[in-house]
Amino acid sequence: MILIIDDDSAVRESLGLMLKVARMDYTAVGTADAALAAVRAGGVRLVILDMNLRQVTDGRDGIELLRKIKILSPDVPVILISAWGTIPLAVEGMNYGAVDFLSKPWNNRDLLAKIRASLAKAEAEAEIQRQPTLEEVERRTILQALRNADGNMRQAAQDLGISRQALYRKIEKLGL
């Protein structure tokens, strides 16, 4: 689900319609508290965050909320949007983990391309993190060899193509 955070209901509706037409699930909220509740509930795959959630236009609201979102869900990509964007504000947002910064009004085609690219990148990074480490693979392989050999260390070592002493060292190292 994509989380839209903007205090302006017209912007929330516009972004929501764009996402609906693109067949993307979304939730739209207008306050920092509602946004944090949505992030805590889970299922957020990407955030579109307005930098100004009150009448103040310095972007501090957005930066503070970005920091909190990144604490709660560090891997969720955040795209910042603002009608009052400045280069220093954009740089600060990127330094706190935002993946992109767009000025209002935005181009739907460009925003959708950025959303799709951010989601694809986040999914690829998650897939890499799901890959087992070499130690996990080694642990599973040794356990399987021991099961196949009915606990016979000599046979398991032979099946693994290592010496019995090497198998004992690996068992000790891996805490098996």
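Right above here is the structure, for reference.
Values in this document were obtained by computation on a predicted structure and should not be read as measured data.

Student: What is the right way to look at unusual backbone geometry in this model?
Tutor: In most cases, non-glycine residues show a negative phi, while peptide bonds are predominantly trans. For the bond running from lysine 104 to proline 105, omega is -5 degrees, close enough to zero to count as cis. Tracing the sequence through the fold places proline 105 in the loop between β5 (100–103) and α5 (108–130). A positive phi angle is found at arginine 23, which is not glycine, with a value near 60 degrees. On the accessibility criterion, arginine 23 (80% relative accessible area) is exposed. A positive phi is found at aspartate 150, a non-glycine position, where the angle reads about 50 degrees. Within the element layout of this structure, aspartate 150 appears in the loop between α6 (134–148) and α7 (153–160).

Student: So what exactly am I meant to see when it comes to the nonpolar core here?
Tutor: One recurring pattern in soluble globular proteins is that nonpolar side chains are buried together. Within the largest apolar cluster, 23 residues are counted, with the highest numbers of intra-cluster contacts made by Leu3, Ile5, Val47, Leu49, Leu65, Ile69 and Leu80. Membership of the second largest hydrophobic core comes to 18 residues, among which are Ile4, Leu46, Trp106 and Ile115.

Student: What should I look at first to understand the side chain of serine 118 in this one?
Tutor: Along the chain, serine 118 falls in helix α5. Those residues in contact with serine 118 that sit more than four places away from it in its chain are Leu46, Pro77, Ile79 and Val99.

Student: Just checking my understanding: could you explain helix α8 (residues 164–174) for this structure?
Tutor: Each full turn of the α-helix corresponds to 3.6 residues, which orients residues three or four apart in the same direction. Buried residues of α8: Ala166, Leu167, Ile171 and Leu174, and no others. Across the axial projection of α8, the buried residues extend over an arc of 140 degrees, all falling on one side. Exposed residues pointing more than 90 degrees away from the buried face of α8 are listed as Arg169, Glu172 and Lys173. Positioned one or two residues after α8, glycine 175 has a phi angle of 70 degrees, which is positive.

Student: What is the right way to read the pattern of salt bridges from this model?
Tutor: Opposite charge on two side chains makes pairing possible when the charged atoms of those side chains draw close. Taken as a whole, this structure holds 8 salt bridges when the rule is applied. Of the charged contacts in the structure, one is a salt bridge between arginine 60 and glutamate 92, with a shortest N-O distance of 2.8 Å. Highlighted residues: arginine 60 in helix α3 (residues 60–72) and glutamate 92 in helix α4 (residues 87–95), separated in sequence by 32 residues. The closest approach of N and O atoms between glutamate 138 and lysine 173, which form a salt bridge, is 3.8 Å. On the criterion of sequence distance, the pair formed by glutamate 138 in helix α6 and lysine 173 in helix α8 is long-range, its members being 35 residues apart. What makes glutamate 138 buried here is its relative accessible area of 19%. Put simply, Asp6, Asp50 and Lys104 are held in one network by salt bridges that share partners.

Student: Please explain the pairing of strand β1 (residues 2–5) as it appears in this structure.
Tutor: Within a regular beta strand, the side chains point alternately toward one face of the sheet and then the other, so they alternate between its two faces. The alternating pattern of β1 places Ile2 and Ile4 on one face and Leu3 and Ile5 on the opposite face, and all of these are buried. Pairing of β1 with strand β2 (residues 26–29) involves 4 bridges; the strand directions are parallel. By the bridge assignment for β2, isoleucine 4 is matched with alanine 28. As for the winding sense of the linkage, the β-α-β connection from β1 through helix α1 (residues 9–21) to β2 is right-handed. Taken together, the 4 bridges between β1 and strand β3 (residues 46–50) define a ladder with parallel strand orientation. Bridging from a neighbouring strand, isoleucine 2 pairs with leucine 46 of β3.

Quick notes on the rules
Residue positions within a chain follow its written sequence, with the count starting from 1. Residues qualify for local features only when their pLDDT is at least 70, as the model is predicted, and side-chain atom pairs are given and counted only at 80 or more; totals for whole chains, interfaces and linings, by contrast, use all residues. Excluded from the side-chain calculations are hydrogens and water; all other atoms, namely the structure's heavy atoms, are used. The way it works is that DSSP assigns letters per residue, a run of H or I at least four long becomes a helix, a run of E at least two long becomes a strand, and they are numbered from the N terminus. Burial status follows relative accessibility: with a 1.4 Å probe on protein chains alone, a residue under 20% of its type maximum counts as buried, one over 50% as exposed, and anything between as partly exposed. The definition of a nonpolar core used throughout is a set of buried Ala, Val, Leu, Ile, Met, Phe, Trp, Tyr and Cys residues joined through side-chain atoms within 4.5 Å. Any two residues whose heavy atoms approach within 4.5 Å are treated as being in contact. Our arc is simply the arc of the directions from the helix axis toward the C-beta atoms. Note on definitions: salt bridges are taken to be side-chain nitrogens of Lys or Arg within 4 Å of carboxyl oxygens of Asp or Glu. Strands are treated as partners if at least two bridges between them are detected by DSSP. Handedness is read with the strands pointing away from the viewer; a crossover is right-handed when the path from the first strand over the helix to the second is clockwise.

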